[in-house]
Structures are given as C-alpha cells and as structure tokens.
Amino acid sequence: MTDEEMKKVAIKASVFAAVSIVLMLQRSATKHIMITDAAGAPVDRGKSDSAYTLLIDDDVPKGKEDALIIPLPKSVSSDNIVLEDRYIDHELSIYIDSREEGFYLDNPVVTSLPLLESAVCINENDTGSVCLDFKLDDLYVNESALTENSTIEVRFFKPKDKFEHVVVVDPAGGGKDTGDLGNGYSEKDVALDTALLLKTAADKDTEHNIKLYFTRLSDMDTSLEKRKALIEDSGADLFVELSCDGVQDEAYNGMAIYYNDKFFLRRLSNAEFADVLLQGYASGNALEVLGVFPEKEDGILGLCPVPAARISLGNVYGQQDKDRLSDESYKSKAAEGIYDGILEAFEVME
C-alpha cells in the first residue's frame, strides 16, 4: 500500500469515527420511555391538600412547538418514571419517584399545545413522589423521550396518523358486572384473561402496523357510553367483544361468534367479519367451534358503525368448557386465533 493510499484509509477511518461519535451522542441525548396502556379507573386527582394545578409556561423553545416539556429533578432517571396512557378518559398520567418535595410548585411544564385541557400534580407521599395527570381534549397516541436536559418531551398524534389499522377490543363485564356465572367461573374473568393474552399476541407482532385499544385491562366497570366513545374516538376499523355463553345445558360446549344482522356495511359486513374471525380462529387451532349466529340480545354490537362481532369463548355451564375456561393454554390459543382472524379481516377489507 502506497503512502497516498494509507492517507486515504486514515482519512476514511477518522471520518467514520467522527460520525460514530456524533450518532452515539445523539442517541445518548434522548431516551425513549415506554408508555403503558392503563384502560380502567380514572386517576383520583386527590383532595385540595394533596393535589394542585401545575404551573404552565407557554414560552416554548423554537422547534419544540409540538411538544409537552416536563422538567425533572436532577436525581430522577428513566427507572424512576412510569407513564400510563389512560386513553378512555383522555388522560396521560406520569408517575415520578422523586425525593424533591414540592419540585413542581416552582418548576412549570412548558407547552403551548391547545389539546391540553388541564394539568394536575398529585402528591403520592410526603417525600416528593408525584403523579402528573394531564387531561387532553381527545384520544391521542403519545410518544415520549427523556432528554439530556432532565426533561420529558411528549408528542401527540391521532391514531390514524401512526397506525394503519385500529381495533377496539371489549372484554365483557367488569367490576360489579360479573356476566354469566357457572361452574365457578365468571364471564368477566374469562374475558379479561383472554384480552390480556390477546394484547400479548398483538404486542409481539412487529410485521403489521395495528393498534388494539381495550375497553378495560383490569377488573373495572366501563360504561356502555365509554365503550361506544372509544370506538368513535380511536377511529376504529373493527370491534371485537370477548364474552362467554350462559346456556344452562352441560352438553352445550364450544366457541361461537355472534354478529348484528340489523344493518349492512359496505366494505365488510358484520356476518362476513364474524365468519372471517371464525375461520382465522379455527385454522390454527384444534378447538371446538359451534359456528356463526345473529346476535339476539341488545348490546353494543347494535351501536357499532364498523364491522363488529361478539366472540363467546365457551359456555360457563358446559361440561367440557368447564375445563377449557380454566386452561391457560386454551385461552392463549383462543387469543392467538382471534388475532389471526383480525389480520385476515384486514386482508379481506383490502
């Protein structure tokens, strides 16, 4: 290798090293924070002695006009922060485990976003740990980053701006509403267990840009009005209700899918959606299915402006379903099959 060639190699190596250092610095400057879904009870904003309105500074730095900027005590790291997206109530809650009591009495959040309706600091204890609760004017997808300046920057997007498809999943019952009871099972518990497994299946999917919103992810009561509002606010393409049958017949066993036959939808009818769900579910599972049926009960299916179906995971009184509904592997297969059915439904729609 000549001296000239050696110089060229050295220059290239120097440039590569410089670029690598810049990229490393950029990546270390911000750290994305995972925002968890927290469909359920709204945050208790506390009494007057434990909560106060946050200071807001609308003098936003240039280039940050689309952000909500939250200052942090210097001692706080990403390990001390939990963000919860309470999308049903249009709230974003940020839990900060701090040791600086009264920090947010003197340090304002910075934003000029009109979507922010209110901002409250709730004292979690007397040592400085707080919940910052932001009330928004609509349902948004939130993206956050922890910056090198000890701030959290949160940006907001409409679901359709971030996801190709949106599905609302409604585990029946919740709270005092147990649903059908039989053989020691409650419909609300079976539906919630399957919903959590369905969420796990969806979270593992890196190939499809699909968002699943859940009307509940805990044993909480969600009103019919809030369930219906979630469909509208999220711009959902599909709606799936998870439930159980309550037929008092030991011989009645298996999964069934119900649809609203009162009106017709152009792209994908309710009956077609129910059938696609059934086929997707059955294709990869050796599980007993009863078929597709019109919904006889008045419920949320009749209020859905998008393709909607109610899935019965089994009969709480059925002799065979008695073992299935307590079997984690059965519910896991059911959840995976339901997700496959949702994917197939979008294939049909396209």
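See the structure printed just above.
Keep in mind that this is a model prediction, so the values were computed, not measured.

Conventions used here
- Residues numbered from 1 in each chain as written.
- Predicted model: local features only at pLDDT ≥ 70, side-chain atom pairs only at ≥ 80, totals over all residues.
- Heavy atoms only, no water.
- Helix = DSSP H or I, 4+ residues; strand = E, 2+ residues; numbered from the N terminus.
- Buried < 20%, exposed > 50% of the residue type's maximum accessible area, 1.4 Å probe, protein only.
- Contact = heavy atoms within 4.5 Å.
- Areas by Shrake-Rupley, 256 points an atom, 1.4 Å probe, with all protein chains shown as cover.
- Pairing = 2+ DSSP bridges.
- Axes fitted to C-alpha atoms, helices over the stretch in contact; angles between N-to-C directions.
- Expected span 1.5 Å × (residues − 1).
- Polar contact = N/O pair within 3.5 Å; in protein donor to acceptor, adjacent residues only side chain to side chain.

A. Broad picture of the overall build of the chain. When its secondary structure is counted, the chain shows eight helices and 20 strands. When burial is assessed residue by residue, the chain has 50% of its 350 residues classed as buried. Here the contacts in the chain between residues at least 6 apart in sequence split such that 78% fall between residues at least 24 apart. With an accessible surface of roughly 17,700 Å², the chain has 51% of that area assigned to carbon and sulfur atoms.

B. View of the environment of Gly174. One can find Gly174 in the loop between β13 (165-171) and β14 (181-182). Gly174 sits in the buried class, given a relative accessible area of 0%. Residues in contact with Gly174, not counting those within four places in the same chain, are Lys188, Arg216, Asp219, Met220 and Asp221.

C. View of the sheet that holds strand β18 (residues 255-259). Within the open sheet, the six strands sit side by side as β16-β13-β17-β20-β18-β19. Their pairing is mixed. Strand pairing shows two members of the sheet lacking a second neighbour, β16 (210-214) and β19 (289-294), which therefore form its edges. Direction aside, neighbouring strands of the sheet carry axes that sit 20 degrees apart on average. Sheet topology places β18 next to strand β20 (residues 308-315); three bridges connect them, and they run antiparallel. Within β20, the residue paired with Ala256 across the bridge is Ser312. Strands β13, β16, β17 (238-245) and β20 of the sheet are contacted by helix α8 (residues 328-349), whose axis makes an angle of about 150 degrees with β17.

D. Quick peek at helix α4 (residues 187-204). End to end, α4 covers 26 Å across 18 residues, agreeing with the expected 26 Å (1.5 Å per residue, within 8%). Taken together, the buried positions of α4 are occupied by Glu187, Lys188, Val190, Ala191, Leu192, Thr194, Ala195, Leu197, Leu198, Ala201 and Ala202. Where α4 is buried, its residues touch β13, β15 (185-186), β16, β17, β20 and α8.

E. Quick peek at unusual backbone geometry. The phi angle at His90 is positive, at roughly 55 degrees, despite the residue not being glycine. When you line up the elements, His90 lands in the loop between β6 (81-86) and β7 (91-96). By relative accessible area, which is 16% here, His90 ends up buried.

F. The environment of Glu153, seen in detail. Inspection of the secondary structure assignment puts Glu153 in strand β12 (residues 151-157). Sequence separation of Glu153 and Pro71 is 82 residues, and the distance between their C-alpha atoms is 9.0 Å. Polar side-chain contacts of Glu153 include one of 3.2 Å to the side chain of Arg155.

G. Representation of the pairing of β17. Across the eight residues that make up β17, a large majority, eight, are buried. Burial along β17 is two-sided: Leu238, Val240, Leu242 and Cys244 facing one way and Phe239, Glu241, Ser243 and Asp245 facing the other are all buried. Of the pairings in the sheet, the one linking β13 to β17 comprises five bridges and is parallel in character. Bridging from a neighbouring strand, Pro171 pairs with Leu242 of β17. Note: β17 against β20, six bridges, orientation parallel. Each bridged residue has a counterpart across the sheet, and for Phe239 the counterpart in β20 is Ala308.

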